[in-house]
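Letter by letter, the chains look like this.
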Amino acid sequence: MTEPKLSIVDLTKRYAAGLEPAVDRLNMEVEEGHLVALLGPSGCGKTTTLRMVAGLMDPTAGSIVVDGKEITHTPVNKRGMGMVFQSYALFPHMNVEQNVAFGLEMRQTPKSEQKARVAAALDMVQLGHLGKRQTKELSGGQQQRIALARALVVEPTLLLLDEPLSNLDAKLRETMRTEIRSIQQRTRATTLFVTHDQDEALDMADRIAVMNGGLIEQFGSPTDVYERPRTHFVANFIGQANFLTARVGAETGGASLAGESYYKVDVEGLGQFGAVGAAGLSGSTHEMVIRPHRLTVALRPGADQTPVAGTIERVSYTGDALAVAVRVGDQQLQAQLLTSSGDLPRTGDAAYLSWAPEDAYLLPATTSAERLAA
Amino acid sequence: MSDVRIFKPRFNPAKPAFGLLVFLLYLFLLAPLLIVCVVSFASNQYLSFPPEGLTLKWYEMLPQESTFMEGMKVSLIVAVIVTLIVLALGVPAALALDRFDFKAKAAVQSFFLSPLLIPSIVLALGMVLLFGPLGLTNTYAGIIIGHVAITIPFVIRTTLMSLATTDTSCEAAARVLGADSWTVFRRVTLPIIQPGVIAGGVIAFIVSFDEAVISLFVAESGLPTLPVQVLRYVENSADAAVAALSVILILISLAVVVVVERVMGLRKALR
Amino acid sequence: MTLLQTPIAAEKRTDRDEGLLEKATERRNRRTYLALLLPGLLGLLVSFVFPLAYMIRMSFNKGAPDGVIVETFTLDTYIQPLTDPYYWRVTLDTFQMGVTVGILCVLVSYPVALFLARSTSKYRGLLIAIAIAPLLTSAVVRTYGWMVILGTNGLINSSLEGLGLIDTPLKLTNNMTGVTIGLVEIFMPYAILAMISGFGRLSPQLEEAAGSLGASKFKVFTRVTLPLSLPGLLTAFLLVFVLAISTFITPRLLGGGSVQVLATEIYDQTTGLLNWPFAAALSVILLVLFGLIIAVYQRLTKKIGG
Ligand SMILES: Nc1ncnc2c1ncn2[C@@H]1O[C@H](COP(=O)(O)OP(=O)(O)OP(=O)(O)O)[C@@H](O)[C@H]1O
Ligand SMILES: [Mg+2]
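Because the structure is predicted, anything quoted here is derived from the model rather than measured.

## Digging into the overall build of chain B
And then number 1: Scanning chain B for helices and strands turns up 13 helices and zero strands.
And then number 2: In chain B, the succession of α and β elements from N to C terminus is α-α-α-α-α-α-α-α-α-α-α-α-α.
And then number 3: Taking 18 Å as the expected radius of gyration for a compact globule of 271 residues, we find that chain B reaches 24 Å, considerably beyond that expectation.
And then number 4: C-alpha extents for chain B along the principal axes are approximately 75 × 70 × 35 Å.
And then number 5: Out of the 271 residues belonging to chain B, those deemed buried represent 56%.
And then number 6: Residue pairs at least 24 apart in sequence account for 71% of intrachain contacts in chain B once pairs closer than 6 positions are excluded.
And then number 7: Roughly 11,600 Å² of accessible area belongs to chain B as shown, and the carbon and sulfur atoms make up 68% of that amount.
And then number 8: When the 18 positive and 16 negative side-chain charges of chain B are each reduced to one mean point, those points stand 13 Å apart.

Written out as structure tokens, the structure is:
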């Protein structure tokens, strides 16, 4: 395995003695050229982590290693990073070109080279024609691109983005999402990207670090964190999820493509089902996750599988899709289906739910609550 | 009865009456300044009304009045040096007060603003008492040190106000891009807070330039500033030469007012 | 699975390590802000703290003829002003002047401030600037202007004589009347500024709302406008009061030597009588008076703000 571009070891930040740490013994390795999203709810320590990597903040403990060199105590202005701030932080008293040239100036790049590189960077974000504009005469999206050009023109060791899209309207956000991703892939800049928007993270990132309360709950590819969440928090935060408590019985033999085992599980009040999970779960109780759109809703009992019978309590129609809440025993399960021209289910109808064993995933033993208590 | 009133908006005499009252009060507020301007162009030999004719002779006399010219020189030198000193002292202090967190912060800030809470006559007496034995009375150094106390609060206040409204991420961005602390200050912070610094600077200038009480106590006999000369002149003679001089002083103040209003707003700067 | 790392197994670090790191950054921070504050603090120490401290110490010395100062520690300098009826008179006059000027100033400033607070004109900014601009003009010049207006041959007396309304000029300068008129005008910008800031909650909509509920113009004023502007009026009054009791230039020039207040008394004690310790004691008395009012003022503004 090649050496990671960035490794973060036991990184901890405590803002004041006696306070809970904002970032708690965080570990992460980032491969060269990857875009890693730091994803989590407000206040979970994303910005704090990013600022420590940038050097804007001293960690309380732990270390940061880039290209095999420890930079934990390197001053911020010697780290050669590129950073884009939520507010863009363009210098208001400089025009677009001067903004982009600032980092090169600090590096004492020759004037002629500066000119060429600034022009190239502006072309890359498709704003070559706006070089002489004042920054306040730009739209939000344009300011955003200038900020990106300013960060990239210095060919940074790492590109750090702190919620760069949160100040844009929904439409523009999607455009910029693709644009940032394609620029990042073209420049192969190793990137840390802070966001609290799961769609953004799933769409753009090579790896996602799901953070909660200063801890990384899971670090993995978008499909990993979605399909195989490690904790209740991850399953709940990314996408929607139904949780059922399952007593795991014997392995039923065979293994899924990802090397997981099949189990027979017993859900109290509902019956026995098939499920997948890591090896060695037999004999204990685990949470089972099923995504709403993986539930099949039938209005008549089918023949193929053992369906769960319930009553439809709420139907919400959004055009393309139909969200249905089904009361089963003392639980409510959320299901989602695409609409068709046929009959629509109505509140009060009987419904029969079924799912494939591959879509019922058993969470590994530790729940975030247990881990936090430990 | 009342519904009739709603549909027929009548002429309301209270409105123009209130307008007239406000106009008269403005007139009262500006009266001394306006009258000084009028008198400065009147040809009456001694102060009296109505003006007998128009003349520029009082203005022509000014350059020959050596006391005024001396005073003007002293006041200008003092005000310029005081401005430079308080900017050099006040801007970094404001920076520390806004950008850093420390325990005594609120106390330090109040301390920097507190000279405005002390009557200038009391300060002036303290200064003459202290400066006398040190040989600082009747020297530039004495007046300048005296004026530093009363001008620093203005610089601190306007600079703080500018700092409070700026986005610190600009400074962070510059640091990430490779700028050291001094470069960040020179290339980013200072240009951004420039309005507050300029406003503080020109206010400090005019406060020092117009200051009379401290100058009177500290340097009346040896190095009278312009306001001290005017004070003496007004006490002793009644001709209109001093009116012409006053108009010049008013114009200088007006220039300061315009600058402050343009860069950050007079009301904000003086609050 | 491609799970790289999760921090589950990380063991607890010793607090000592964290403490050390924290200290190091704290120290660096402290060096920076101390370096930034120090010049300013030193400047104020020399130009502000030392003179005041020295003056307070001086007030416990004894004055001897010809400006000689006897180093001692006595309360004599305080006993004299606190027992001599003359100084009681001066202190009372000062206090009375402060109250009169404060009330009159608030009365004449209120309409202007009300007008500015309610105005929606595009010239509002300009009008505000004009109202407070006199703050930045020389007090000497403005007092001189009042001497021209109020003097024996001044604007008012000349006009009235010209109209045949009076034979002998009214005595408007060299007395408390002149000083009061001058001070009221000179402190108007302060009062207006304090009022506009204090009127925060007063909005035209509120008055309109009251009007639409059927209140008469007079009712709207007494029941809505006035109560809401009371805090602003009060702060303006206290501000003008403290400024008035400590001002020197105007009582000196417009009073022409016949108006004695604490400030002019302090000046006379120094330049005329060279009784430095006594002047220092008077200053301390003024300072205490001043401090009491400021304390009241700050309590009130805090209450109003909170
Ligand atoms: N300067 C500070 N002093 C004390 N605590 C702080 C400070 N800055 C942040 N915190 C705390 O540290 C925790 C993490 O903050 P951080 O800004 O890293 O969150 P975040 O994940 O970026 O949140 P958001 O999505 O809202 O930006 C929060 O609980 C916050 O209250
Ligand atoms: Mg954040």
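## Focus: the overall build of chain C
And then number 1: Helix and strand counts for chain C come out as twelve helices and two strands.
And then number 2: Taken from N to C terminus, the helices and strands of chain C fall in the order α-β-β-α-α-α-α-α-α-α-α-α-α-α.
And then number 3: Within chain C, the fraction of its 306 residues that count as buried is 46%.
And then number 4: Restricting to contacts in chain C with at least 6 residues of sequence separation, those with at least 24 account for 69%.

## Focus: the packing of helix α2 (residues 96-106) of chain A against helix α9 (residues 181-210) of chain B
And then number 1: Two elements in contact, α2(A) and α9(B), have axes separated by 13 Å at closest approach and are oriented at 160°. When the interaxial angle is binned, α2(A) and α9(B) end up roughly antiparallel. In this structure, α2(A) meets α9(B) at a crossing whose hand is right-handed. Residue-level contacts link Phe102(A), Glu105(A) and Met106(A) of α2(A) to Thr183(B), Arg187(B) and Val188(B) of α9(B).
And then number 2: Each residue belonging to the contact of α2(A) with α9(B) can be placed in one class, and the counts come to three nonpolar, one polar and two charged.

## Considering the interface of chain B and chain C
And then number 1: On the chain C side, the residues contacting the 77 residues of chain B number 81 residues.
And then number 2: Each partner contributes to the roughly 6,800 Å² buried at the junction of chain B and chain C, and carbon and sulfur atoms together form 83% of this total.
And then number 3: When residues of chain B are sorted by the area they lose upon contact with chain C, Tyr26(B), Leu29(B) and Arg267(B) head the list and together hold 10% of the total.
And then number 4: Scanning the region where chain B abuts chain C turns up one salt bridge.
And then number 5: In this structure, the salt-bridge partner of Arg252(C) is Glu235(B), at a minimum N-O distance of 2.9 Å.
And then number 6: Linking chain B with chain C are six residue pairs in polar contact (both at pLDDT 80 or more).
And then number 7: Here the element with the most residues in the side of chain B that touches chain C is helix α2 (residues 14-40) of chain B; it accounts for 14 residues.

## Things to note about the environment of Lys219(C)
And then number 1: Of note, Lys219(C) is situated in helix α9 (residues 217-246).
And then number 2: The spatial distance from the C-alpha of Lys219(C) to the C-alpha of Ser258(C) is 45 Å, given a sequence separation of 39 residues.

## Observations concerning the domain arrangement of chain B
Residue and element names in this part refer to chain B.
And then number 1: Here chain B is partitioned into domain 1 (11-57) and domain 2 (59-270).
And then number 2: Here domain 1 and domain 2 have C-alpha centroids that lie 31 Å from each other.
And then number 3: On the domain 2 side, the residues contacting the eleven residues of domain 1 number eleven residues.
And then number 4: The tally of links between domain 1 and domain 2 comes to zero salt bridges.
And then number 5: Connecting domain 1 to domain 2 are six residue pairs in polar contact (both at pLDDT 80 or more).
And then number 6: Counting residues per element, the side of domain 1 that touches domain 2 draws most heavily on α2, at five residues.
And then number 7: Partitioning the side of domain 1 that touches domain 2 into residue classes produces eight nonpolar, two polar and one charged.

## Details of the sheet that holds strand β16 (residues 308-317) of chain A
All names here are of chain A.
And then number 1: On the basis of which strands lie adjacent, the open sheet formed by five strands has the order β15-β19-β16-β17-β18 and antiparallel pairing. Of all strands in the sheet, those with a lone pairing partner are β15 (296-298) and β18 (331-338), marking the two edges. Each strand axis lies, on average, 40° off the axis of its neighbour in the sheet, ignoring direction.
And then number 2: For β15 and strand β19 (residues 350-354), the ladder comprises three bridges, and the chain directions are antiparallel. Bridge assignment links Ala298 to a residue of β19, and that residue is Tyr352.

## Points about unusual backbone geometry
Phi is mostly negative for residues that are not glycine, and the peptide bonds are mostly trans.
And then number 1: Even without being a glycine, Arg188(A) presents a positive backbone phi close to 50°.
And then number 2: Considering the arrangement of structural elements, one finds Arg188(A) in the loop between α5 (170-187) and β8 (191-195).
And then number 3: Even without being glycine, Asn138(B) reaches a positive phi, approximately 60°.
And then number 4: You can see Asn138(B) is positioned in the loop between α6 (120-134) and α7 (140-164).

## A closer look at the packing of aromatic side chains
All names here are of chain C.
And then number 1: If you walk through the whole model with that rule in mind, you get 22 aromatic pairs over all chains.
And then number 2: Ring plane angle 15° and centroid distance 4.8 Å describe the contact between Phe60 and Phe73, whose orientation is recorded as stacked. In this pair, Phe60 is assigned in the loop between α1 (15-58) and β1 (62-64) and Phe73 in the loop between β2 (68-70) and α2 (76-83), connecting sequence segments 13 residues apart.
And then number 3: With a relative accessible area of 18%, Phe60 lands in the buried category.
And then number 4: Consider the rings of Tyr86 and Tyr87, whose centres lie 5.0 Å apart with planes at 80°: the pair is edge-to-face.
And then number 5: For Tyr87, a relative accessible area of 7% corresponds to the buried category.

## Here's the deal with a nonpolar patch on the surface
And then number 1: A cluster of nonpolar side chains, namely Leu20(B), Phe23(B), Leu24(B), Leu27(B) and Leu34(B), defines an oily patch on the protein surface of about 490 Å² accessible area.
And then number 2: Exposure remark for Leu24(B): the relative accessible area of 46% places this residue in the partly exposed category.

## Describing the sheet that holds strand β5 (residues 69-70) of chain A
All names here are of chain A.
And then number 1: Strand order in the open sheet formed by four strands is β2-β1-β4-β5, with antiparallel pairing between adjacent strands. Two strands lie at the open edges of the sheet, namely β2 (23-30) and β5, each paired on one side alone.
And then number 2: With two bridges connecting them, strand β4 (residues 61-66) and β5 associate as antiparallel partners. The partner of Val65 across the bridge, within β5, is Glu70.

## Focus on the site of ligand 1
Residue and element names in this part refer to chain A.
And then number 1: Neighbouring ligand 1 are Tyr15, Ala22, Ser42, Gly43, Cys44, Gly45, Lys46, Thr47, Thr48 and Glu163.
And then number 2: At 3.2 Å, a backbone N or O of Cys44 approaches an oxygen atom of ligand 1.
And then number 3: In the environment of ligand 1, an oxygen atom lies 3.3 Å from a nitrogen or oxygen atom belonging to the side chain of Glu163.
And then number 4: Bound to the protein, ligand 1 loses 57% of the 640 Å² it would expose on its own.

## So, the confidence of the model for chain C
All names here are of chain C.
And then number 1: Taken over all residues, the pLDDT of chain C has a mean of 83, while the share at 70 or more is 88%.
And then number 2: Across residues 1-24, where pLDDT falls below 50, the model places 41 contacts with residues more than four positions away in sequence or in other chains.
And then number 3: Taken over the whole predicted complex, pTM reads 0.84, whereas the ipTM for its chain interfaces reads 0.89.

## Structural notes on α6(B)
Side chains three or four residues apart in an α-helix point the same way, a direct result of the helix having 3.6 residues per turn.
Residue and element names in this part refer to chain B.
And then number 1: Helix length check: α6 (15 residues) gives 21 Å between terminal C-alpha atoms against 21 Å at 1.5 Å per residue, within 8%.
And then number 2: Taking burial as the measure, the 15 residues of α6 include eleven buried ones, the bulk of the element.
And then number 3: Within the sequence span of α6, burial applies to Ile121, Val122, Leu123, Ala124, Leu125, Gly126, Met127, Val128, Leu129, Leu130 and Phe131.
And then number 4: Phi turns positive, to about 75°, at Gly135, one or two residues after α6.

Analysis parameters
Residues numbered from 1 in each chain as written. Chains lettered and ligands numbered in written order. Predicted model: local features only at pLDDT ≥ 70, side-chain atom pairs only at ≥ 80, totals over all residues. Heavy atoms only, no water. Helix = DSSP H or I, 4+ residues; strand = E, 2+ residues; numbered from the N terminus. Rg over C-alpha atoms; globule rule 2.2 N^0.38 Å. Buried < 20%, exposed > 50% of the residue type's maximum accessible area, 1.4 Å probe, protein only. Contact = heavy atoms within 4.5 Å. Areas by Shrake-Rupley, 256 points an atom, 1.4 Å probe, with all protein chains shown as cover. Lys, Arg positive; Asp, Glu negative; His and termini not counted. Charge placed at Lys NZ, Arg CZ, Asp CG, Glu CD. Axes fitted to C-alpha atoms, helices over the stretch in contact; angles between N-to-C directions. Parallel < 35°, antiparallel > 145°, perpendicular 65-115°, else oblique. Left-handed = near helix turned anticlockwise from the far one by under 90°. Nonpolar A, V, L, I, M, F, W, Y, C, P; charged D, E, K, R; others polar. Buried area = accessible area lost by both parts, 1.4 Å probe. Salt bridge = Lys/Arg side-chain N within 4 Å of Asp/Glu carboxyl O. Polar contact = N/O pair within 3.5 Å; in protein donor to acceptor, adjacent residues only side chain to side chain. Domains from an automatic or database assignment. Pairing = 2+ DSSP bridges. Phe/Tyr/Trp six-rings, centres within 6.5 Å; stacked < 30°, edge-to-face > 60°. Patch = residues over 30% accessible without salt bridge, like charges linked within 9 Å, V, L, I, M, F, W, Y side chains within 5 Å. Near = heavy atom within 4 Å. pLDDT = per-residue confidence, 0-100. Expected span 1.5 Å × (residues − 1).

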